[in-house]
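Listed below, chain by chain, are the residues.
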Amino acid sequence: MFDMKDKGSKTNAVRALDAVGATFTFRSFECDGVPSGLEVAKALGLDADRVFKTLVTEGKSGHYYVFMVP
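Quick notes on the rules
Numbering of residues begins from 1 in every chain and follows the order in which that chain's sequence is written. Totals for whole chains, interfaces and linings use all residues, but because this is a predicted model, local features are given only for residues with pLDDT of at least 70 and pairs of side-chain atoms are given and counted only at 80 or more. Just so you know, side-chain values use all the structure's heavy atoms and leave hydrogens and water out. Helix and strand assignments follow DSSP, with helices taken as H or I runs no shorter than four residues and strands as E runs no shorter than two, numbered in order from the N terminus. Two residues form a contact once any of their heavy atoms are found within 4.5 Å. Note on areas: these come from Shrake-Rupley sampling with a 1.4 Å probe, and a residue is covered only by the protein chains present in the view. Buried means the residue's accessible area, taken with a 1.4 Å probe over protein chains only, is under 20% of the maximum for its type, while exposed means over 50%, and partly exposed covers the values in between. Polar contacts here mean pairs of N or O atoms no more than 3.5 Å apart (in protein, one a potential hydrogen donor and the other a potential acceptor; neighbouring residues in sequence count only if both atoms are side-chain atoms). Pairs of strands are assigned from DSSP output, requiring at least two bridges between the strands. Only one rule defines a salt bridge in this text: a Lys or Arg side-chain nitrogen within 4 Å of an Asp or Glu carboxyl oxygen. Residues with no salt bridge and a relative accessible area higher than 30% make up the patches, which join like charges within 9 Å and nonpolar side chains (Val, Leu, Ile, Met, Phe, Trp, Tyr) within 5 Å.

### Some thoughts on the overall build of the chain
Okay, so step 1: In terms of regular secondary structure, the chain is built from two helices and two strands.
Okay, so step 2: The secondary structure elements of the chain, listed N-terminal to C-terminal, are α-α-β-β.
Okay, so step 3: Counting only contacts in the chain whose residues sit at least 6 apart along the sequence, the fraction spanning at least 24 positions is 12%.
Okay, so step 4: Here the chain has roughly 5900 Å² of accessible surface; of this, 54% comes from carbon and sulfur atoms.

Structure below.
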């Protein structure tokens, strides 16, 4: 389970939100496979229009980029 108090277990997306002082709620759930965004929203009992998928990629420069997609 993800521990928000353990800085070593934070995801890059959570670190980025912390860095800018954003207010957010971290939620997790158990699943098999790779659920779609709609399946995640349903599993968490949330409105799909308020759920974001985070993607992290490394560019040719070696820098990492974090995207938050509705």
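Picking up after the structure, the text goes on.
### As for the environment of Glu-30
Okay, so step 1: With respect to the helices and strands, Glu-30 occurs in the loop between α1 (12-19) and α2 (37-44).
Okay, so step 2: Here the alpha-carbon distance between Glu-30 and Ala-43, two residues 13 residues apart in the chain, equals 9.1 Å.

### Thoughts on the side chain of Lys-10
Okay, so step 1: Within the element layout of this structure, Lys-10 appears in the segment before α1.
Okay, so step 2: Owing to a relative accessible area of 15%, Lys-10 belongs among the buried residues under this scheme.
Okay, so step 3: Within the structure, the side chain of Lys-10 is placed 2.5 Å from the side chain of Asp-18, a separation counted as a polar contact.

### A word on the environment of Ala-48
Okay, so step 1: In this fold, Ala-48 is placed in the loop between α2 and β1 (53-58).
Okay, so step 2: In the structure, Ala-48 is positioned 22 residues away from Pro-70 in sequence and 8.4 Å away in space, judged by C-alpha atoms.

### Re the pairing of strand β2 (residues 64-69)
Two faces make up the sheet, and in a regular strand the side chains alternate between them.
Okay, so step 1: In this sheet, β2 lies alongside β1 in antiparallel orientation, the contact comprising six bridges. In the sheet register, Glu-58 faces β2, and the bridge partner there is Tyr-64.
Okay, so step 2: What sits between β1 and β2 in their antiparallel hairpin is a turn of five residues, with Gly-62 showing a positive phi close to 95°.

### A short note on the pattern of salt bridges
Okay, so step 1: Here the structure, examined in full by the defined rule, presents one salt bridge.
Okay, so step 2: Residue Lys-10 is joined to Asp-18 by a salt bridge in which the shortest nitrogen-to-oxygen separation is 2.5 Å.
Okay, so step 3: Residue classification places Asp-18 among the partly exposed residues on the basis of a relative accessible area of 36%.

### Quick look at a nonpolar patch on the surface
Okay, so step 1: Together, Phe-52, Val-56, Tyr-64, Val-66 and Met-68 line one region of the surface with nonpolar side chains, adding up to about 490 Å² of accessible area.
Okay, so step 2: Here the nonpolar patch gets three residues from one element, more than from any other, and that element is β2.
Okay, so step 3: A residue is classified by how much of its surface remains accessible, and Val-56, at 43% relative accessible area, is partly exposed.

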